[in-house]
Structures are given as C-alpha cells and as structure tokens.
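Residues per chain are reported as follows:
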There are 2 protein chains.
Amino acid sequence: MVKKRVTITDIALEMGITPSTVSRALAGNQRVRVDTRERVLNVAAKMGYQPNVLASSLRSGRSDTIGMVVPRINRHFFSHVISGVEAVLNPAGYNLLISQTHERQEHEIKAFSTLLRNRVAGIIVSHSVETQTFEHFRQIIDEEISLVQFDRVTEQVPGPRIVNDNFLGALRSTQHLIKNGCRRIAHFAGALHVNVYEQRLDGYRYALEQAGIDVDPALIVENCIVQEAGMEAVENVIVPQQVDGIFAASDLSALGAIRTLKELNIAIPEKVKISGFANEPFAEMIDPTLTSVEQNAFEMGNQAARSMIESLGKEDPVSEEIHIPVRLIQRRSSVLNNSI
Amino acid sequence: MVKKRVTITDIALEMGITPSTVSRALAGNQRVRVDTRERVLNVAAKMGYQPNVLASSLRSGRSDTIGMVVPRINRHFFSHVISGVEAVLNPAGYNLLISQTHERQEHEIKAFSTLLRNRVAGIIVSHSVETQTFEHFRQIIDEEISLVQFDRVTEQVPGPRIVNDNFLGALRSTQHLIKNGCRRIAHFAGALHVNVYEQRLDGYRYALEQAGIDVDPALIVENCIVQEAGMEAVENVIVPQQVDGIFAASDLSALGAIRTLKELNIAIPEKVKISGFANEPFAEMIDPTLTSVEQNAFEMGNQAARSMIESLGKEDPVSEEIHIPVRLIQRRSSVLNNSI
DNA sequence: GTTTTTTGTGCAAACGTTTGTATTTTTGTA
DNA sequence: TACAAAAATACAAACGTTTGCACAAAAAAC
C-alpha cells in the first residue's frame, strides 16, 4: 500500500553527487559549500523529499519523539496539560506520542513498553490511580531515558516533578471557609495514596489546626471525587454530622453535594458553604456558582515540556519539584453577600 | 544520554544462534522450531529486550503508527474523539501520533509533513476552520497513505468520512422549537464553508420550509459560535427582531444568549426558547438546562479508527460517508412545563 | 540404503540515514 | 608556477531489523 518515496540517494543521483553530501547539506553542515546546499535544498523541494525520521533516528541514535502517558486524554485537566506540552514541544521540533492508561497500572506498563520500543527520547507521565509500586519505571531509568512526572508524582522515581501547589490550594480554600464562618468543615478526599489528594487533605488539616478547630475524622470522606460520591456523602455525613462547610478535593463531588443539598432544600451558602478543586468549566455555570481552586493545566504542560527539553540536554536527572501556582476563585457557593 | 540497548544480535550471540532465527522466533514465524522459539522468548524477556520499532519499520516498510490531526486537543469534542480512536487503535497494536492545528491551515500543513516524515501508516484528520483548499492533501494521497476524515470533512479528498448527522440534528432541533410554538426562529450559524455548519443551516432551513415558515435571512447570524457572539446576537438580532426561538449551532453561543437574556429579564423558555448543538457537559448544569443535540464523539473516534484499520488493508480508498447518529436532548431551555 | 522431501537455520543484503576517514578540489602563499 | 593548507566532497561502514535464498540435517519415501 505504500509507494516508494524519494530518498537522499535519489537526490544525490539526480545531482551527480553523493548521499553523504546531500545529508550534510540538509543538516546545514558547515562543511558543504553554500551553493551546493542551496542546490540540494531546491532539488529536494522539487522532488518532494520528506526525510525518513526512522532511518535518521536509527542511525544517529537520537530521537525527537517524546512520549506522554496520562490517565485519560479526554479529561479537561489532562487534555489541557497535553495541549500545554504540545505548545512548547512542537516549536522545538519534537513530536508527541500519547498513551492513556485509563487509570490502570497494567496499561501504564504497556504504555511504557510501547514508548520504549518506539525509542522516544523522553517520557512525560502522570500516574494512574492504581499505581502504587514503581518497578515499571526501572526500565526507563536504566535505559537513561529522560523522565518528567506531573500532577500525580512520586519521589521514588528520579527526575523533575511538576505539581500544583495542592497544599496551598487546600489551605487557602479551607481558610476561606473558616473566614466565612464555617466551623464544622467536611473534606471530600480522594484516594490518599495519590500525592495530590494526600496534600489536599494535609492543607485542610493544617488550616483547621491553625484556626484551633479539631480535625474530626468523621468529617473526612475518602474516595469522594465523583458526582455520585458527593451525593451520597450529603446523606451519610453532611446532614447527620451537621456540617456547615465542605472542602471537596474535586469539583465533581462538590457538584454532587450541591445537587443533593438543593434537593433537600438546604440553602447554599447560608446553611452549608462549599468549595471545590480544579475549577472545571462548569464551576462558573452552575447555580450557585462554585468556589474552586484554579490549577493552570496549560502552564503545567508548558513547564513539563520545558523540564523535558532541559533534561534531554543533561547527563543526570535533577529531581527537583516545580510548583505551579494555584488560585482560589471565590464564588457564590461559599460567600453570602453579593459582593463577588 | 542513551545507553546501548539489547538487540536481537545480543540475544543471538547469547544463545549461539543467528539474528535471523531470533527475528523469526519473535515474529512467531512457523519455520522456527517451537522449543527454540520458546527459548528465544525466554532469553529475550530475561535480557529485557525491547524491539526497535524504528529498525523494524525501516526494514519492513510497514508502520504501526497512525497520525491524528485535530484543531485542538483540549476541546471536549476532540479529546473524546481522540480517546475513541485510541480505544480501538491501541488494542489493535497501533500507536497514535497527535498534532493540533490551532485552527490554522499553516499548522495543518506542517502537521502533515511531520507525520509523513515519521512514516505513519495513515492519518486521521479533522480540518482546521481555515482550511478551504486541499492541495496539501495531495502528498498524502500521492504517497498512498490511508486517510480518514472526521467531523470537518470534504468530498474533494478521497477516503472514508466519518460525520455526525448534522442535517438531521438541526432538523430535529428546529422542528422541536416549532412544535413548542416558536414561529420566528433565529439560527446562530458557524463559518458556512465548513461542512458541519453548512449542514446545520440546511437542516434549520428545511425544518422551517416543511412547516411553512419563511426563512428570514435577518434571523441567520453567521460566525456565531462563541459565547460573546451569542451575547451580541441577543442585542443585535434576538431583541430587535422579536425572535421567539433560537437554534444555535454551538452550545457556547446558546449559553451566551441565555446569559444575556437573563440579564435583560427575558424569560426562557416562556419568551424565547433555545436549543444548542454538541451537548457540552455544561448543558445540563446551567440554568435553565440547555436543550441540545448530542453527538457521540467517542463513537465517532471508534468508527474513524475502524475505518482506518480497514483502509490499511485495502489497495484503493473507498470514499464512503459514515454517519454517526445524533440525538436531541430536550431540556428546560426549550420546554415550558416541568414534564421533562 | 539411497534418494527425495521436509524442516529448521544460517548467510547476506537491504531499508535510508549519519558520520569518521580518505580523497579530491580549491584557495592562499611563496 | 609550485606547494601546502584548507575546504569540499566521496567512500564505506554502521544503526537493528527483515527476508529471500542457500544449505544442512532430519524425516519420509522408495
């Protein structure tokens, strides 16, 4: 099904010179005369030459393809990170090979394998929620392929980690609820072995402690990040425990809570104040609008790409952690008066 | 930066056999004895062998990488199509190389070039909004690379086209407004050189004609697909023209209209009924909830991938058009009583 | 027991580049 | 004009596979 394509040998034959000269001319090598370079470029263009990246990478041992492994491409946050990575990598001459894990470690392992087989120069990854062991990173590290982690990361693997300031976001968010009069504040947490949810819980705890409020374990709802979980939590925790504030680690569970509270005619924000996390697009569209912590996914992608490019130039990976600032966006779900 | 990796030659040396036998064993070739195959597999696993796709593709002339070109990765619709493509392609052993055009034809051309250089087996593409000429598809066609178009497509390029049933969606949507009592129905259209928007306009027109309602050009607002455009259109068209129904080609412009109408205290759906297109996640979250035409992006991706795989097996491309069914979802923005 | 067929391996070339080294051409200098 | 130095080009090997063909050993047929 594939036609034969024009190669540098074809160009060389056409011009009566050698493939090596053509190669050097195309590469902009200094050792080829200016006018021959221009002639080569002309003939190449005329013949519709497209360099064969496979052959080039094979011979040179260099690759301009970066692999990216994310839980789900079609999640708002991740698709924006991807976009941010692409925005930096493409102009720099790199391509992106993308795999999704669907939150399965098994798929993560397969994805790594595929990327290694494709001889990517580096891998940008955010762990699947299942991922708690890291032996499958061994091969990447052993083969000295640059590795950049973002969002869901671990210190057990070397290389740069690009993360949101989850702790600060949670801290500010909880402080905001306290400042607005909440005293019994619940937390909808995620899976606590994942760094982002652990840190959000820490921020929540710290805010309470600073304010002299006891942390009540009964008010911490684990694995509460989807809408349905938020709904159930209202029945099981919010109402029985007489909660007056909710800091949700996810906008979706916050949404679930809002919906159920509205059904029960419990006034938001009068009776219960709510803030979420991620500032999903719907946060400003629902009624009441949802206070949330904005995380700059696009910028996170930019930074991940920049760290990757930097890593590619270095011998040994630097295991720094880079924080992308977050911002609390106050909306009606947590503020009484109409001043916002 | 890249360590030397284990090759089939290393395996062959280790076992005292020949690289060709190793190659055949790994490929599952019949001509190699069963027990040697198993021994090879064992040694390969033990040595941590990862086949070099570059070398393999270079030699065999075959590629298991598919390129995908979309306007924007981080748009809800496209990210779901990508996900759908991936869901079919990955299990079939293909990889996805993704580029975004940011709606620029110039980037589309560059993306094609990149994919060709990477010797992809096929390209799945949805045009940028700028794309009105198609010479840059020439090279893809000439090199006999499989091409599948989706959503934004043209008949000027051969190969399968996977599209939503835009006409039917628009027809049903407009009929729905008519059935609910609207007589002066405006249409927020997109760029009419793009097939999807053209077809939505056609569906709108056809519905009016069938109902014996004159099509008033003053009620057709072109290039009205972002929120701001919807807002402006309320001031410029909806109010002055005493419109009682809006069929928007985009949920975003519908949202803009809703917001401005609410500001002007014009009751929805009592005074103006509205329906959008795409069924974005926010459609069921805003107030009032937005009637919209659901398009199955994930399924569209599945189908695009299936068509691609099919194309790869064929000599000549079949230029069929495959329609993904759409569904009108009735919500409060267009229906008076509470029965929905 | 010899010949034919089958089965399993090995050999070597090829895919399209890049790149170290050798060779030729050009340039500069005496 | 001759000669060395510098510049430009050519040669050939290599990257890691795949694959047609040759070949040997084993199995089957006579």
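Computed from a predicted model, the values in this text were never measured in an experiment.

Colleague: Before we move on, can you summarise the pattern of salt bridges with the specific residues and values?
Modeller: The tally for this structure, following the rule as stated, stands at 29 salt bridges over all chains. The partner of Glu-143 of chain B in a salt bridge is Arg-5 of chain A, with the nearest N and O atoms 2.8 Å apart. Remark: Arg-5 of chain A occurs in the segment before α1 (8–15) and Glu-143 of chain B occurs in the loop between α7 (138–142) and β4 (146–150); the pair is interchain, linking two chains. The burial state of Glu-143 of chain B is the same as that of Arg-5 of chain A; both residues are buried. Here Glu-103 of chain A makes a salt bridge to Arg-75 of chain A, at a shortest N to O gap of 2.5 Å. Of this pair, Glu-103 of chain A sits in the loop between β2 (95–100) and α6 (105–117) while Arg-75 of chain A sits in the loop between β1 (65–70) and α5 (76–89), and the two are 28 residues apart along the sequence.

Colleague: Describe the relation of the copies chain B and chain A, listing the residues and the values that go with them.
Modeller: It takes a turn of 180 degrees to lay chain B on chain A, together with a shift of 0.0 Å along the axis; the resulting RMSD is 0.0 Å. What we have between these two chains is a two-fold relation. Most of the interface of chain B is mirrored in chain A: 100% of its interface residues are interface residues there too.

Colleague: So what's going on with the protein's contact with DNA strand C? Residues and values would help.
Modeller: Contacts to DNA strand C come from 26 residues, most closely from Ser-23, Arg-24, Arg-59 and Arg-62 of chain A together with Arg-24 of chain B. Among the atoms of DNA strand C close to the protein, meaning within 4 Å, 55% are from sugar or phosphate groups. Within the side chain of Arg-59 of chain B, one N or O atom sits 3.1 Å away from a base nitrogen of DNA strand C. Among the elements of the structure, α1, α2 (19–27) and α4 (53–60) of chain A together with α2 (19–27) and α4 (53–60) of chain B are those that each provide at least two residues to the surface near DNA strand C.

Colleague: Go over the packing of helix α10 (residues 227–238) of chain B against helix α11 (residues 251–263) of chain B with me, naming the residues and quoting the values.
Modeller: Residues and elements named next belong to chain B. α11 packs onto α10 with a crossing angle of 55 degrees between their chain directions and a minimal axis gap of 6 Å. The angle between the axes of α10 and α11 places the two elements in the oblique class. Classified by chirality, the crossing of α11 by α10 is right-handed. In this structure, α10 contributes Gln-227, Gly-230, Met-231, Val-234, Glu-235 and Ile-238 to the contact, and α11 contributes Leu-252, Ser-253, Leu-255, Gly-256, Ala-257, Arg-259, Thr-260 and Leu-261. Considering only residue class, the contact of α10 with α11 consists of seven nonpolar, five polar and two charged.

Colleague: Can you break down the protein's contact with DNA strand D residue by residue, with the values?
Modeller: Taken together, 26 residues form the shell around DNA strand D, and within it Arg-24 and Arg-31 of chain A together with Ser-23, Arg-59 and Arg-62 of chain B come nearest. Sugar and phosphate atoms form 59% of the subset of DNA strand D atoms that lie within 4 Å of the protein. A distance of 2.4 Å separates a phosphate oxygen of DNA strand D from a polar side-chain atom of Ser-23 of chain B. In this structure, a phosphate oxygen belonging to DNA strand D sits 2.9 Å away from a side-chain N or O atom of Tyr-49 of chain B. Residue assignment for the surface near DNA strand D shows that the elements contributing at least two residues are α2 and α4 of chain A together with α1 (8–15), α2 and α4 of chain B. Here the residues of the surface near DNA strand D sort into six nonpolar, twelve polar and eight charged.

Colleague: Any chance you could break down the interface of chain B and chain A for me, citing the residues and the numbers?
Modeller: Each side of the interface is counted separately: chain B has 51 residues, and chain A has 51 residues. Around 5,200 Å² of area is buried between chain B and chain A when both sides are counted, 51% of it from carbon and sulfur atoms. Glu-284 of chain B is the partner of Arg-259 of chain A in a salt bridge, and the nearest nitrogen-oxygen pair spans 3.9 Å. Seen at the junction of chain B and chain A, the total is 23 residue pairs in polar contact (both at pLDDT 80 or more). Listing elements by their share of the side of chain B that touches chain A, those giving two or more residues are α4, α5 (76–89), β2 (95–100), α6 (105–117), α7, α11 and α12 (297–313) of chain B. The element contributing the most residues to the side of chain B that touches chain A is β2 of chain B, with six residues. Per-class residue counts for the side of chain B that touches chain A are 19 nonpolar, 20 polar and twelve charged.

Definitions and cut-offs
- All residue numbers refer to positions counted from 1 along the written sequence of the respective chain.
- To label them, take the chains in the order written and letter them from A, then take the ligands in the order written and number them from 1.
- In view of the model being predicted, local features appear only for residues whose pLDDT reaches at least 70, and side-chain atom pairs are presented and counted only at 80 or more, with totals across whole chains, interfaces and linings using the full set of residues.
- For the side-chain quantities, the full set of heavy atoms in the structure was used; hydrogens and water were omitted.
- By definition here, a salt bridge exists when the distance from a side-chain nitrogen of Lys or Arg to a carboxyl oxygen of Asp or Glu is within 4 Å.
- By definition, any uninterrupted DSSP run of H or I lasting at least four residues is a helix, any uninterrupted run of E lasting at least two residues is a strand, and each is numbered from the N terminus.
- For the exposure calls, accessible area comes from a 1.4 Å probe over protein chains only, and a residue counts as buried if that area is under 20% of its type's maximum, exposed if over 50%, partly exposed in between.
- When the copies are superposed, the least-squares fit takes in the C-alpha atoms of residues with a pLDDT of at least 70 in both.
- Contacts between residues were defined by any pair of non-hydrogen atoms, one from each residue, lying within 4.5 Å.
- When at least one non-hydrogen atom of a residue lies within 4 Å of a molecule or strand, that residue is treated as near it.
- For the purposes of these results, a polar contact is taken to be a pair of N or O atoms within 3.5 Å, where, inside protein, one atom must be able to donate a hydrogen and its partner to accept one; residues adjacent in sequence count only when each atom of the pair is a side-chain atom.
- All axes here are fitted lines through C-alpha atoms, helices being fitted over the stretch that makes contact, and every angle between N-to-C directions spans 0 to 180 degrees.
- For this classification, under 35 degrees means roughly parallel, over 145 means roughly antiparallel, 65 to 115 means roughly perpendicular, and everything else is oblique.
- Crossing handedness: left-handed means the near helix sits turned counterclockwise from the far one by under a right angle, and right-handed means the same turn made clockwise.
- Residue type decides the class: Asp, Glu, Lys and Arg count as charged, Ala, Val, Leu, Ile, Met, Phe, Trp, Tyr, Cys and Pro as nonpolar, and the leftover types, Gly among them, as polar.
- For any pair of parts, buried area is found by adding up, for both, the accessible area (1.4 Å probe) each one loses once the two are put together.

By themselves, these observations are geometric and do not establish any function.
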